[in-house]
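# Fold and contact review
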Amino acid sequence: METYDALLAAITPASGETRTIFDPATGQPVGEAPVHTVQDLEAAIAAAAAAQPAWAALGHDARSAALLKAADAVERSAEELARLLSREQGKPLNGPNARFEVGACAAWLRVAAGTPLDPETVVDDGETRAELHYRPIGVVGAIGPWNWPMMITVWQLAPALRMGNAVVIKPSEYTPLSVLALVEILNQELPEGLLTAVAGGRDVGEALAGHPAIGKIMFTGSTATGKAIIRSSADTVKRLTLELGGNDAGIVLPDADPRAIAEGLFWGAFINTGQTCAALKRLYVHDAIYDAVCEELTNVAAAMPMGNGLDEANVLGPLQNRQQFDIVAALVDAARESGARILLGGNPESDQPGNFYPTTLVADIANSNPLVAEEQFGPALPIIRYRSVDEAVAMANALDVGLGASVWSSDPAEARKVAARLEAGTVWINKHGAVDPRIPFGGAKQSGYGLEFGVEGLKALGVPQVING
Ligand code: NAD
């Protein structure tokens, strides 16, 4: 698309029921989203099922070529997509935010297109020759959240398409425009009917998760919804990849250099203004350097500008919706009332139009405090003091979620030893949340199951088939 207005016009429904989407920074309207129904979902699934066999028959090379062209199309429209994402989601254009997210869409498409996946010869001993192949599943359903709406949609659809499937997407009702716009651009390079976004509510999500013509659901969202999807999909024994909620711990070992790690800690926790699944949400710091880490982190955090995402100076934005704002505010208020020390933030301005919650650091807080024990999903970081590494590991592992974790140290060998003791799908060392399309990503415990990205991510979008002759 050549302009932002042309992109918005292309996704604005000509008729039917619509819902106005408001900018979380200003309260001003961004655009009109369609309110799709279960009937619209049926039509999308029928079109996907009709388009899928020819797409599968193209083979890996031709499908990869189409995905590379789709990545080029995203790059051609990158600025329009980033502006729409910024206005709808709230995230700034700059920093690791809207432009970064659109760039990631192109990067993930390219890696999904370029990752080789050959049949594996499992046994070849002269008597038996057994090969493991991955056949297309058919039609895949993709259900996504509102925090990284474009990037997570690409995480779901890129491997699905590469493996020869059609895809029907159910975006979050908070951020449908971003996903509709992305799909509009991708469809410049894809066959008709193969990829459709159905912008409905929970009823549409439920119908997709239970639909007999859907072979697999890729789901990213809360643990509670993940459990509902397991139930809805049970009768048709669907394949599931579930990327669910987290409450990631970071452990700062006593030998870490507080100044050297402060910026990494900040972005690990506050990327996308804290609305990130694999963000640092509980920071455990050894008593010996506790005060120094608090001070360095406060200095970094206080200097990061928050405001309207379209202002090029900002790197932090509003919370995407009022419900999330209220959750963060209630958790921080309760922490303050419990006697915890607010190092920074904690007092949102009450008469502002947007959902801005200030960058907040909370020290001297008990590990049992709800701000620590619950996924706050916003710009508030509790910093917990520990005295022995065993105690820190026990606190980090105490919850029933385990998406990511991190260890911060000047001694990589020591950090790896601690990393191996943490119950999380990924443990980063001296960084947090650095996802990479070549490296598998998935949760432990109730943060979900199944892997995305890399060759494991491709395999998850195929039906394994053994040919034994
Ligand atoms: P959510 O679970 O409320 O909604 C996610 C999607 O599920 C939406 O599209 C929603 O309409 C749909 N949905 C709701 N009920 C449904 C049902 N019964 N059946 C089918 N679909 C249904 O999550 P959210 O608030 O949009 O996102 C925030 C959550 O997502 C956080 O917990 C966060 O940690 C998690 N998340 C996880 C990852 C990851 O990779 N593990 C990434 C991003 C976000």
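Rules and cut-offs
- Residues numbered from 1 in each chain as written.
- Predicted model: local features only at pLDDT ≥ 70, side-chain atom pairs only at ≥ 80, totals over all residues.
- Heavy atoms only, no water.
- Helix = DSSP H or I, 4+ residues; strand = E, 2+ residues; numbered from the N terminus.
- Rg over C-alpha atoms; globule rule 2.2 N^0.38 Å.
- Buried < 20%, exposed > 50% of the residue type's maximum accessible area, 1.4 Å probe, protein only.
- Contact = heavy atoms within 4.5 Å.
- Lys, Arg positive; Asp, Glu negative; His and termini not counted.
- Charge placed at Lys NZ, Arg CZ, Asp CG, Glu CD.
- Near = heavy atom within 4 Å.
- Polar contact = N/O pair within 3.5 Å; in protein donor to acceptor, adjacent residues only side chain to side chain.
- Areas by Shrake-Rupley, 256 points an atom, 1.4 Å probe, with all protein chains shown as cover.
- Nonpolar A, V, L, I, M, F, W, Y, C, P; charged D, E, K, R; others polar.
- Domains from an automatic or database assignment.
- Pairing = 2+ DSSP bridges.
- Buried area = accessible area lost by both parts, 1.4 Å probe.
- Salt bridge = Lys/Arg side-chain N within 4 Å of Asp/Glu carboxyl O.
- Core = buried A, V, L, I, M, F, W, Y, C linked by side-chain atoms within 4.5 Å.
- Axes fitted to C-alpha atoms, helices over the stretch in contact; angles between N-to-C directions.
- Parallel < 35°, antiparallel > 145°, perpendicular 65-115°, else oblique.
- Left-handed = near helix turned anticlockwise from the far one by under 90°.

The next subject is the overall build of the protein chain. The helix and strand tally for the protein chain stands at 15 helices and 20 strands. Whereas a compact globule of 469 residues would reach a radius of gyration of roughly 23 Å, the protein chain reaches 23 Å, a difference of no more than 12%. Considering only C-alpha atoms, the protein chain reaches an extent of 65 × 60 × 40 Å along its principal axes. Residue burial in the protein chain is summarised as follows: out of 469 residues, 56% are buried. Considering only contacts within the protein chain whose residues lie at least 6 apart along the sequence, 73% involve residues at least 24 apart. In the protein chain, 34 positive and 55 negative side-chain charges are present, and the distance between their average locations comes to 3 Å.

What follows concerns the site of the ligand. Close to the ligand lie 29 residues, the nearest being Lys170, Glu173, Ser222, Thr225 and Glu375. Here Arg202 contributes a side-chain N or O atom positioned 3.4 Å from a nitrogen atom of the ligand. Interatomic distance of 2.5 Å between a side-chain N/O atom of Glu375 and an oxygen atom of the ligand. Protein coverage of the free-state accessible area of the ligand, which is 860 Å², stands at 93%. Secondary structure elements with two or more residues in the shell around the ligand: α7 (202–210), β8 (214–220) and α8 (223–234). Residues of the shell around the ligand, tallied by class, amount to 13 nonpolar, ten polar and six charged. Lining the shell around the ligand are residues from two domains, each supplying at least three of them: domain 1 (4–244 + 447–468) and domain 2 (248–429).

Burial runs high along strand β10 (residues 248–252): five of the five residues are buried. Of the two faces of β10, both are covered, the one formed by Asp248, Gly250 and Val252 as well as the one formed by Ala249 and Ile251. The pairing of β10 with strand β11 (residues 280–286) spans five bridges and is classified as parallel. The residue of β11 that forms the bridge with Val252 is Val285.

Looking at the assigned domains, one finds that the protein chain contains domain 1 (4–244 + 447–468) and domain 2 (248–429). Residue-level contacts link 26 residues of domain 1 with 28 residues of domain 2. Summed over both sides, the interface between domain 1 and domain 2 buries roughly 2,300 Å², with carbon and sulfur atoms accounting for 55% of that surface. When the area that domain 1 buries against domain 2 is broken down by residue, the three leading residues are Trp146, Tyr174 and Ser447, summing to 23%. The interface formed by domain 1 and domain 2 includes one salt bridge. One can count 14 residue pairs in polar contact (both at pLDDT 80 or more) joining domain 1 with domain 2. In terms of residues, the side of domain 1 that touches domain 2 owes the most to one element, helix α3 (residues 78–89), which gives five residues. For the side of domain 1 that touches domain 2, the class distribution of residues is nine nonpolar, eleven polar and six charged.

Membership of the largest hydrophobic core comes to 118 residues, with the highest contact counts inside it found for Val74, Val252 and Leu283. Ranked by the residues each element gives to this core, the list is headed by helix α2 (residues 38–76), at twelve residues. Here this core spans two domains, and each of domain 1 (4–244 + 447–468) and domain 2 (248–429) adds at least three residues to it. Membership of the second largest hydrophobic core comes to 31 residues, among which are Ala340, Ile365, Ala405 and Val418.

Right, let's talk about the sheet that holds strand β9 (residues 239–243) for a bit. One open sheet holds the six strands; their spatial order is β7-β6-β5-β8-β9-β19, and the pairing between them is mixed. For this open sheet the edge positions go to β7 (195–197) and β19 (448–449), each flanked by a neighbour on one side alone. By the bridge criterion, two bridges tie β9 to β19 in an arrangement that is antiparallel. Counterpart to Glu243 in the pairing with β19 is Gly448. Each of β5 (139–143), β6 (166–170), β7 and β8 is contacted by α2, which is oriented at about 160° to β6, the strand it contacts most. Those strands touched by α8 are β5, β8, β9 and β19, and its axis lies near 175° from that of β9.

Looking now at helix α6 (residues 176–186). Counting buried positions over the eleven residues of α6 gives ten, a clear majority of the element. Looking at α6, one finds that the buried residues are Pro176, Leu177, Ser178, Val179, Leu180, Ala181, Leu182, Val183, Ile185 and Leu186.

Direction vectors running N to C along α3 and α6 enclose 165°, while the axes themselves pass 8 Å from each other. Relative to α6, α3 is oriented roughly antiparallel. Here the hand of the crossing between α3 and α6 comes out left-handed. Here Leu81, Leu84, Leu85 and Glu88 of α3 come into contact with α6, specifically with Pro176, Leu177, Ser178, Ala181, Leu182 and Ile185. Class assignment of the residues belonging to the contact of α3 with α6 gives a composition of eight nonpolar, one polar and one charged.

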